[in-house]
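# Coordinates in review
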Amino acid sequence: MMLAVLLACTSEPVHERAPAVSPLEADLVAQTWQVRMADAATRAPYEAHPGWALLFQRDLEGALHAFGERPDDRGRARVHLELAALYRQAARLAAEATLQVYGADRQATDPADVDYLVGVSETLLGKPTQRLEHTPADSVYATRVTDWRTGGWPATAAVALAAEDPAIHERTLRERTPEAKAVRVVDPTELLAVSLWHENEATRLGAAARWLDPWRLPIEPPSTVERPLADEMLFAGFLPAEADAVFVSAACSGERAPDVYPRSILAQAIEPALVDGRLDVQKVREAAQDLSTAMRSAMIARSGQEEGYQRAFAALGQLSVLRAAVCVAEVLGQPDDAGVLRLEIADLSEGAARDPVFLLSLAAWDAAHRNVVRALDIVHALGRDHPQLELARVPLDAMSVRLSRNSAPAAPVH
Amino acid sequence: LHAWRAAAGVALSVLGTGATLAYFEEALPTTLNPLYADSMVDYRAQELIFDRLWYHDAITNDLESRLVERWELADGGKAMRLTLKPNVKWHDLQPLSSKDVCFTVAAMLDPKTPSIVAQQYRSVLTGCDTDGPEVAILKFTQVFHNPRERLGFAVLPAAGFPSTAIAPDMAFSARPIGTGPMKGAKGTRGVTFDAFPNGQHTPQIAQLQLQEGGDPLVQVRTLINNGVQGIIAVPPPLRPDLRASDEVAMKSYDLRSWWFVAVNSRKAPLHDQRVRQGLDLLLDRNELRKYSIGWSPDQKNSPCELISGPFVQSSPYYNRTVPVRESADRANAEGLLTAAGLTQVGGRWHYAGAPVTLDIGMLASLDHEAPDLLDQVGNQLGAAGFDRQVHKISSDEWNRVVKTGKATDYDLVIGKWSFGLVEDVNHLFHTRAGGQGSLNLFDYSNREVDALLEAYEKAYTDTEAQDAYHALHALLAEDLPYLFLWKLDTKSSWRTEVKGNVVAPYFYFTEFDRWNYSSTAP
């Protein structure tokens, strides 16, 4: 019932707009979880379990706890997937920041063992590395470097840590100065291990690996084992239907042609925005808005009335289009447009649409672009719900200090 | 072609829709001269008019220049030879030349230019030579890592000034000449910006009007009714209304802003650290943010986060071992005040035989963002036994009197500071001397604080710098030249007819060429 109460509270009036979909698209719209869940009986199991209300509010830790208290394997599987994606992005964030601070902006006084961290980061990000040849003096890292040298996926060093519910630990290395001050560091291996542990749990509970594809690290191949994507993996998420998971997985793995996914509403929405082989961002915005409108109309038609949850559900549909378009823009060699879309998604990420996984991926993207202010804000905010993420910010902190000390001078202003 | 259009004065008719876009700012800019940018309003307005030598792309964060074609280091890294792009025109149609770049450097180095912005560049630059009209050679004080990162100053026109001694009150400050996408002129009630297509700019909005925002509720209603198309800073309590509208969109504005109550530590009895600590304990910050910002304890992802020192909590310089103070602790406060020699007579605090009256000021424009904060602070201190008088301080008085350390009549002033990537607080807390402490509001002076600020400045490694600021945070939280309040995030709102409106961190309008607007109004 918690979810029912929560959804009722989001009631807003519908601003009438003519549906913008063709009959074929209307059929696809009807297959989305948003529209199917407009049927009270279909939605009832989700309203009956508090875990789904917490998931809808993006309280992942709370949802995991709730699904454990009143056992629901599919609910738990879904949350483990979300957490696996979250910590994949944390690993990526740490790797990107490490590469910037101890790679691009390396200083002679940095501890020698940061070479290991740079090597791990380069590996995770799919870049060739020679930084793992030297064995670190740090005993923990010395053990792991051997595993990393073998390369490939799955990363043995992280798999070993993921065997049991792993934790993330900060370590200190010594600067190469007479004072030998302690430098805080975090190994992305540990963040990846947390992610792999959640993925293992999700898989054990029956989740489909494809769900994770958009969030995989550059070193990883996309999933190969195909399992059906149950409604529990879609509800309150950004994949309107199972066919969209296939399309998004392909698009985020570098595949180019959305028109080969006729059963994907996201592919169908984005396809008209492709003009002369390029993605037109304004058309994407309009397509996203149109899908949102179509979903709201279809939900009203199915439920027989306007109901509180419909606006929030449709907003998730709108964001689904924008998120899929990010991958398409990247594939088409339009990183600038992909960036614009990312920022727009962030601006729309409020309430149920405030997805920590996406936000952390934005922070990782920012770190790769040496933009630390927003990245730190995001990680700090997410750290309230996920305290372990605070440790992912350690290299980001180092990057921020280094960049700020090498910037144009600036005084405070009011 | 662009130059011809500008020369013929037909630019507006060929740009986009020719529509005028109006927006509410927090206040009017105090100046349009980049050397005297005092507020975020100033920086935002100036970003439309001028080009900085290098800037960060608001999307990719790439370091780019709209003025420099190519560059190379010289003199073993202690100089940079830069070649300007062709076809860059000033708003008076004169071509940009290396003389302008070197003039700007010379103006910043001229001790007769009393600018904080210029003062900071004196630690980076020693001079500039021209080598023909297109080549300028910048000379650095030392070899810098990524020196372009340090060259974020706006370039000024040499022809706009009689000498390199640039004063803040010149006519240029109201009617500047830049190379930016818009030509600006400041009036008494607003600023009008007219599009100026250039070799490096193709603005799509013909005219932009900056208006001073008044009552926030009126601002929001005006936006919804399409009387204006944007609001730069929407107060948190009004954000839900705008989020619920399909006709406007909220935009994040990345800025590190924190709020404070500065304490006049030169004045009795506030010169006693125990009195400052007592006042700190008397403030119930949760109540303050509840009544002024609309915060509630069960609010997830609140835009308002308490701080215990001079950094936002997300900053690497924030010392997490120093706890924030959420509620009042009246018993301990009274103990500290009594120990400092204050006595309570009839429920009112007295010092040296007379009742203590606190003169409390607040920068008036902050009242829009945190309505009633001034009264709330006054009420809390009044309820604790202090007589008080509250005053709203105009931007002009804030700049002329408060920021220059001359507001000695005030006991407390409420303000906020905003930062970008650089969080240098030395200006705020260093003893005013030799160019240091230029924004030290009440001439606060503490040797230990000065030593830590200097340790930060001279730090050889990042760890040393971070350690110095962590220690500074702890020390300031104890000595309390400021009662630290909170960080408050900034959200803008623009009508959905405004498209491509990427908001750049800190400078806001860096990507203004992308903005376009199709008016649907009759």
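Everything below is about the structure shown above.
We now turn to the structure provided with this report. All of these numbers come straight from a predicted model, not from anything done at the bench.

About the thresholds
- Residues numbered from 1 in each chain as written.
- Chains lettered and ligands numbered in written order.
- Predicted model: local features only at pLDDT ≥ 70, side-chain atom pairs only at ≥ 80, totals over all residues.
- Heavy atoms only, no water.
- Helix = DSSP H or I, 4+ residues; strand = E, 2+ residues; numbered from the N terminus.
- Buried < 20%, exposed > 50% of the residue type's maximum accessible area, 1.4 Å probe, protein only.
- Contact = heavy atoms within 4.5 Å.
- Areas by Shrake-Rupley, 256 points an atom, 1.4 Å probe, with all protein chains shown as cover.
- Lys, Arg positive; Asp, Glu negative; His and termini not counted.
- Charge placed at Lys NZ, Arg CZ, Asp CG, Glu CD.
- Rg over C-alpha atoms; globule rule 2.2 N^0.38 Å.
- Pairing = 2+ DSSP bridges.
- Axes fitted to C-alpha atoms, helices over the stretch in contact; angles between N-to-C directions.
- Parallel < 35°, antiparallel > 145°, perpendicular 65-115°, else oblique.
- Left-handed = near helix turned anticlockwise from the far one by under 90°.
- Nonpolar A, V, L, I, M, F, W, Y, C, P; charged D, E, K, R; others polar.
- Buried area = accessible area lost by both parts, 1.4 Å probe.
- Salt bridge = Lys/Arg side-chain N within 4 Å of Asp/Glu carboxyl O.
- Polar contact = N/O pair within 3.5 Å; in protein donor to acceptor, adjacent residues only side chain to side chain.
- Phe/Tyr/Trp six-rings, centres within 6.5 Å; stacked < 30°, edge-to-face > 60°.
- Lys NZ or Arg CZ within 6 Å of the ring centre and 35° of its normal.
- Expected span 1.5 Å × (residues − 1).
- Arc of directions from axis to C-beta.
- Disulfide = S-S within 2.5 Å.

With that settled, consider the overall build of chain B. When helices and strands are counted, chain B shows 16 helices and 24 strands. Relative to its full complement of 522 residues, chain B shows a buried share of 60%. Within chain B, residue pairs in contact and separated by at least 24 positions form 68% of the contacts whose partners lie at least 6 positions apart. A total of about 19,200 Å² of accessible surface is found on chain B, and carbon and sulfur atoms cover 49% of it. The centroid of the 50 positive side-chain charges in chain B is displaced by 2 Å from the centroid of its 62 negative side-chain charges.

The next point concerns the overall build of chain A. Across its full length, chain A carries 21 helices and four strands. For chain A, the C-alpha radius of gyration of 22 Å lies close to 22 Å, the compact-globule estimate for 414 residues. Taking the principal axes of its C-alpha atoms as reference, chain A extends roughly 75 × 50 × 45 Å. Across the 414 residues that make up chain A, the buried fraction comes to 60%.

Moving on: the environment of B:Tyr460. In this fold, B:Tyr460 is placed in the loop between helix 15 (447–458) and helix 16 (462–479). Once residues lying within four places of it in the same chain are set aside, the contact partners of B:Tyr460 are A:Thr109, A:Thr177 and A:Arg405.

This paragraph deals with the sheet that holds strand 6 (residues 125–130) of chain B. Residue and element names in this part refer to chain B. The four strands are arranged 4-5-7-6 in an open sheet whose pairing can be described as antiparallel. Either end of the sheet is taken by a strand with one partner, and the two such strands are strand 4 (68–74) and strand 6. Each adjacent strand pair in this sheet contributes to an overall mean axis angle of 20°, direction not counted. Where strand 4 lies against strand 5 (residues 79–84), six bridges are found, and the strand directions are antiparallel. Paired with Arg70 across the two strands is Thr83, which belongs to strand 5. Lying on the sheet, helix 4 (residues 98–109) is in contact with strand 5, strand 6 and strand 7 (135–140); it crosses strand 6 at an angle near 155°.

Most peptide bonds are trans, and most residues other than glycine sit at a negative phi. Put simply, A:Trp153 and A:Pro154 share a cis peptide bond, and its omega is 0°. Cis geometry is adopted by the peptide bond preceding B:Pro269, which originates at B:Ala268 and carries an omega value of 0°. Notably, A:Ala180 is not glycine yet its phi reads approximately 45°, a positive angle. As for its placement among the helices and strands, A:Ala180 is situated in the loop between strand 1 (171–174) and strand 2 (182–185).

With that settled, the discussion passes to the packing of helix 15 of chain B against helix 16 of chain B. Helix packing geometry: the angle between the two helix axes and the distance between the axes. Residues and elements named next belong to chain B. The interhelical angle for the contact between helix 15 and helix 16, taken along N-to-C directions, is 160°, at an axis separation of 8 Å. By the angle between their directions, the pair helix 15 and helix 16 is classed as roughly antiparallel. The two elements helix 15 and helix 16 cross, and the hand of that crossing is left-handed. From helix 15, Glu448, Val449, Leu452, Leu453, Ala455 and Tyr456 reach across to helix 16, where they touch Ala465, Ala468, Tyr469, Ala471, Leu472, Leu475 and Leu476. In terms of residue class, the contact of helix 15 with helix 16 is made up of twelve nonpolar, no polar and one charged.

With 56 residues of chain A at the interface, the matching set in chain B holds 69 residues. Here chain A and chain B share an interface that buries about 5,400 Å² over both sides, 48% of which is from carbon and sulfur atoms. Among the residues of chain A in contact with chain B, A:Arg405, A:Val413 and A:His414 are the three that bury the most area, contributing 17% of the side total. At the surface where chain A touches chain B, the tally comes to eleven salt bridges. Linking chain A with chain B are 31 residue pairs in polar contact (both at pLDDT 80 or more). Ranked by the residues each element gives to the side of chain A that touches chain B, the list is headed by helix 21 (residues 394–405) of chain A, at eight residues.

With that settled, the discussion passes to the sheet that holds strand 20 (residues 412–419) of chain B. Sheet strands line up and pair through hydrogen bonds in the backbone, either parallel or antiparallel. Residues and elements named next belong to chain B. In spatial order, the strands read 14-21-13-20-18-19; together these six strands make up an open sheet with mixed pairing. One side of each edge strand has no neighbouring strand; the edge strands of this open sheet are strand 14 (304–306) and strand 19 (387–393). Shown here is a sheet whose adjacent strand axes are inclined to one another by a mean of 25°, direction ignored. In the sheet, strand 13 (residues 256–263) pairs with strand 20 via eight bridges, with the strands oriented antiparallel. Bridging across to strand 20, Ser257 finds its partner in Ser418. Those strands touched by helix 8 (residues 273–282) are strand 13, strand 18 (357–363), strand 20 and strand 21 (482–488), and its axis lies near 35° from that of strand 21.

With that settled, consider the side chain of A:Asp105. Considering the arrangement of structural elements, one finds A:Asp105 in the loop between helix 7 (73–104) and helix 8 (114–124). A distance of 2.7 Å separates a polar atom in the side chain of A:Asp105 from a polar atom in the side chain of A:Arg370. What A:Asp105 contacts, discounting residues up to four positions off in sequence, is A:Gln100, A:Arg370, A:Arg402, A:Leu403, B:His145 and B:Asn146.

Residues and elements named next belong to chain A. Those residues of helix 13 (residues 242–252) that sit buried are Asp244, Ala245, Phe247, Val248, Ser249, Ala250 and Ala251. Buried residues belonging to helix 13 abut helix 14 (265–270) and helix 16 (309–331). Two residues or fewer after helix 13 comes Gly254, characterised by a positive phi angle close to 105°.

Turning our eyes to something else, we now look at the packing of aromatic side chains. Throughout the structure, instances matching the rule amount to 45 aromatic pairs over all chains. Taking the centre distance of 5.7 Å and the plane angle of 40° together, the rings of B:Phe311 and B:Tyr317 count as tilted. According to the relative accessible area criterion, B:Phe311 is buried, its value standing at 1%. Each residue in the set A:Trp33, A:Tyr46, A:Trp52, A:Phe56, A:Phe67, A:Phe235, A:Tyr309 and A:Phe313 is aromatic and connected to the rest through ring pairs, giving one cluster. For A:Arg323, the ring lying beneath its charged end belongs to A:Phe238, and the centroid distance is 3.7 Å. Positioned above the aromatic ring of B:Trp295 is the side chain of B:Arg289, whose terminal nitrogen or guanidinium carbon lies 3.7 Å from the ring centre.

Taking 1.5 Å as the rise per residue, helix 15 of chain B with twelve residues should run 16 Å; its terminal C-alpha atoms sit 16 Å apart, in good agreement. Every buried residue of helix 15 of chain B is accounted for by B:Val449, B:Asp450, B:Leu452, B:Leu453 and B:Tyr456. The buried residues of helix 15 of chain B occupy an angular sector of 165° when the element is viewed end-on, so they sit on one face. Turned more than 90 degrees off the buried face of helix 15 of chain B, the exposed positions are B:Arg447, B:Glu448 and B:Lys458. Of the surrounding elements, those touching the buried residues of helix 15 of chain B are helix 21 of chain A together with helix 14 (426–429) and helix 16 of chain B. One side-chain oxygen of the residue at the start of helix 15 of chain B lies 2.9 Å from the amide nitrogen of B:Glu448, identifying that residue as B:Asn446.

Here the focus is the state of the cysteines. Residue and element names in this part refer to chain A. Summed over all chains, the structure comprises two disulfides over all chains. Disulfide pairing is shown between Cys252 and Cys327; the S-S distance is 2.0 Å. Its S-S torsion of approximately 85° makes the covalent link between Cys252 and Cys327 right-handed. A residue pair is termed long-range when its members are at least 10 positions apart, and Cys252 in helix 13 and Cys327 in helix 16 qualify at 75 residues. Given the relative accessible area of 27%, Cys252 is considered partly exposed. Looking at Cys327, the relative accessible area reads 15%, which means it is buried.

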